Amino acid sequence: MCGRFTLKQPAEAIAALLASASPNNQTFEVEKLPELSAQYNIAPTQMVATVLHNCESDKREFHFLRWGLIPSWAKDISMGAKLINARAETVAEKPAFRSAFKRRRCLVLADGFYEWQRIDGKKQPFYFRLQDGQPFSFAGLWEQWESPEKEKITSCTILTTVANEVLKPIHDRMPVVLDKKYYDLWLDPQVEKPEALQEALHPYPASAMTAYPVSTLVNNPKYNNADCINSM
């Protein structure tokens with residue numbers, strides 16, 4: 001699973017990431033890219049930085065979405081806390097995710113994530129990032145939910161897949177870190193067939209990633225400081 005991650009990079013670095021994913025030598029344009037404050041301990045139900053395709057404007061836009069997908073048919077907001085992740089292998093069939101998988105996919109921006117390993121009865125957090133330290137995007141889905149009081153909440157979930165060789169000693173699952181070549185495909189609302197989308201949902205190459213143990217300070221979801229990612 002993916003239950004905690006970071007996004008420390010400024011807007012310029014995110015813009016460079018998206019520009020480097022330009023398909024067919026065309027500009028990968030994103031509307032409304034704001035300044036971003038460094039986040040070292042992003043937790044479920046918090047707002048996360050995303051890029052999605054707005055079908056009404058036909059543009060790719062930046063949005064802050066609530067982490068934890070709330071299906072349109074959910075009775076209340078609490079369901080979102082249970083749906084922070086979606087398994088890539090079954091996402092096309094699960095009632096909570098299948099509609100969003102077809103039509104409402106997004107990039108969840110990040111530059112690292114945490115996972116925990118049980119050691120001598122205690123859970124040791126590890127921090128995972130790309131070896132070059134650059135930002136990346138998780139494969140995400142988004143949904144809009146309306147409360148009985150007519151309040152509209154847009155939320156998202158992060159897809160997971162089997163662990164690569166860096167993750168396996170710690171956990172058997174990992175978030176889907178999308179290869180940049182799939183950004184255009186993932187956001188294209190015209191692509192609905194699961195077979196075409198599953199191509200993008202494989203484990204990220206272990207050779208491009210690194211991991212190290214960090215302080216248990218990260219266990220507190222309210223703690224947001226640079227020492228969360230300091231190596232022990």
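About the cut-offs
Residues numbered from 1 in each chain as written. Predicted model: local features only at pLDDT ≥ 70, side-chain atom pairs only at ≥ 80, totals over all residues. Heavy atoms only, no water. Helix = DSSP H or I, 4+ residues; strand = E, 2+ residues; numbered from the N terminus. Rg over C-alpha atoms; globule rule 2.2 N^0.38 Å. Contact = heavy atoms within 4.5 Å. Lys, Arg positive; Asp, Glu negative; His and termini not counted. Charge placed at Lys NZ, Arg CZ, Asp CG, Glu CD. Buried < 20%, exposed > 50% of the residue type's maximum accessible area, 1.4 Å probe, protein only. Pairing = 2+ DSSP bridges. Polar contact = N/O pair within 3.5 Å; in protein donor to acceptor, adjacent residues only side chain to side chain. Core = buried A, V, L, I, M, F, W, Y, C linked by side-chain atoms within 4.5 Å. Axes fitted to C-alpha atoms, helices over the stretch in contact; angles between N-to-C directions. 1 Å grid on protein atoms, 1.4 Å probe; cavity = no way out; pocket = protein on both sides within 12 Å on 5 of 7 lines; lining within 4 Å. Points joined across faces, edges and corners; volume = space filled by probe spheres on them. Nonpolar A, V, L, I, M, F, W, Y, C, P; charged D, E, K, R; others polar. Phe/Tyr/Trp six-rings, centres within 6.5 Å; stacked < 30°, edge-to-face > 60°. Lys NZ or Arg CZ within 6 Å of the ring centre and 35° of its normal.

## Some words on the overall build of the chain
Argument step 1. The secondary structure content of the chain amounts to four helices and twelve strands.
Argument step 2. Computed over its C-alpha atoms, the radius of gyration of the chain comes to 17 Å, within 12% of the 17 Å expected for a compact globule of 232 residues.
Argument step 3. Sequence-distant contacts in the chain: of pairs separated by 6 or more residues, those separated by 24 or more amount to 69%.
Argument step 4. Both charge centroids of the chain, one from 27 positive and one from 27 negative side chains, sit 6 Å from each other.

## A word on the pairing of strand β7 (residues 112-119)
Argument step 1. β7 sits mainly inside the fold: six of its eight residues count as buried.
Argument step 2. Of the pairings in the sheet, the one linking strand β1 (residues 5-7) to β7 comprises two bridges and is antiparallel in character. Counterpart to Phe5 in the pairing with β7 is Phe113.
Argument step 3. With seven bridges joining them, β7 and strand β8 (residues 122-130) adopt antiparallel strand pairing.

## A few points about the environment of His53
Argument step 1. Structurally, His53 is set in strand β3 (residues 47-54).
Argument step 2. Beyond its immediate sequence surroundings of up to four residues, His53 is in contact with Asp58, Lys59, Arg60, Trp142, Leu187 and Pro189.
Argument step 3. At a separation of 3.0 Å, a polar atom in the side chain of His53 contacts the side chain of Asp58.

## Structural notes on the nonpolar core
In a soluble, globular protein the nonpolar side chains are often hidden away together inside.
Argument step 1. Phe5, Phe113, Phe138 and Trp186 are the most contacted members of the largest nonpolar core, which has 62 residues in total.
Argument step 2. The contacts of Phe113, once residues within four sequence positions are left out, are Cys2, Arg4, Phe5, Phe126, Tyr127, Phe128, Phe136, Phe138, Leu167, Pro175, Val177 and Met209.
Argument step 3. Formed by nine residues, the second largest nonpolar core is a distinct cluster that contains Tyr114, Tyr127, Tyr212 and Cys228.

## Description of the pairing of β3
Argument step 1. Most of β3 sits inside the fold, with six of its eight residues counted as buried.
Argument step 2. With eight bridges joining them, β3 and strand β4 (residues 59-67) adopt antiparallel strand pairing. From the neighbouring strand, Val48 faces β4, where its bridge partner is Leu65.
Argument step 3. Between β3 and β4, which pair antiparallel in sequence order, lie four residues; one of them, Asp58, sits at a positive phi of approximately 60 degrees.
Argument step 4. Examined bridge by bridge, β3 and strand β6 (residues 105-110) share three bridges and lie antiparallel to one another. Counted as the bridge partner of Val51 is Leu107 from β6.

## A word on the sheet that holds β8
Argument step 1. Read across the sheet, five strands follow the order β2-β1-β7-β8-β12 without closing on themselves; strand pairing throughout is antiparallel. The strands lining the two open edges of the sheet, one partner per strand, are β2 (39-42) and β12 (209-213). This sheet shows a mean twist of 30 degrees between the axes of neighbouring strands, independent of strand direction.

## Looking at the side chain of Arg60
Argument step 1. With respect to the helices and strands, the residue Arg60 is situated in strand β4.
Argument step 2. Here the side chain of Arg60 touches Asp184 through a polar contact of 2.4 Å, side chain to side chain.

## A few points about the layout of surface pockets
Argument step 1. In this model, the largest pocket occupies a volume close to 240 Å³.
Argument step 2. Forming the boundary of the largest pocket are Leu52, His53, Asn54, Cys55, Glu56, His63, Leu65, Arg103, Arg104, Trp142, Gln144 and Thr154.
Argument step 3. At the level of secondary structure, the elements contributing two or more residues to the lining of the largest pocket comprise β3, β4 and β9 (136-146).
Argument step 4. Take the lining of the largest pocket: its biggest share by element is three residues, from β3.
Argument step 5. When its residues are assigned to classes, the lining of the largest pocket shows four nonpolar, five polar and three charged.
Argument step 6. Taken together, 14 residues line the second largest pocket, and the ones lying closest to its centre are Leu17, Leu130, Gln134, Pro135 and Lys180.
Argument step 7. The residue makeup of the lining of the second largest pocket, split by class, is nine nonpolar, two polar and three charged.

## A word on the packing of aromatic side chains
Argument step 1. This structure, assessed with the given rule, holds ten aromatic pairs.
Argument step 2. A ring pair is formed by Phe5 and Trp67, whose centres lie 5.1 Å apart and whose planes are at 65 degrees; its orientation type is edge-to-face. Of this pair, Phe5 sits in strand β1 while Trp67 sits in strand β4, placing them 62 residues apart in sequence. In terms of burial, Phe5 and Trp67 fall into one category: buried.
Argument step 3. Each ring, one from Phe136 and one from Phe138, has its centre 5.4 Å from the other, and the planes form 70 degrees; the classification is edge-to-face.
Argument step 4. By the ring-pair criterion, three or more aromatic residues cluster together here, those being Phe5, Trp67, Phe113, Phe128, Phe136 and Phe138.
Argument step 5. Over the face of the ring belonging to Trp186 we find Arg105, whose NZ or CZ atom lies 5.6 Å from the ring centre.

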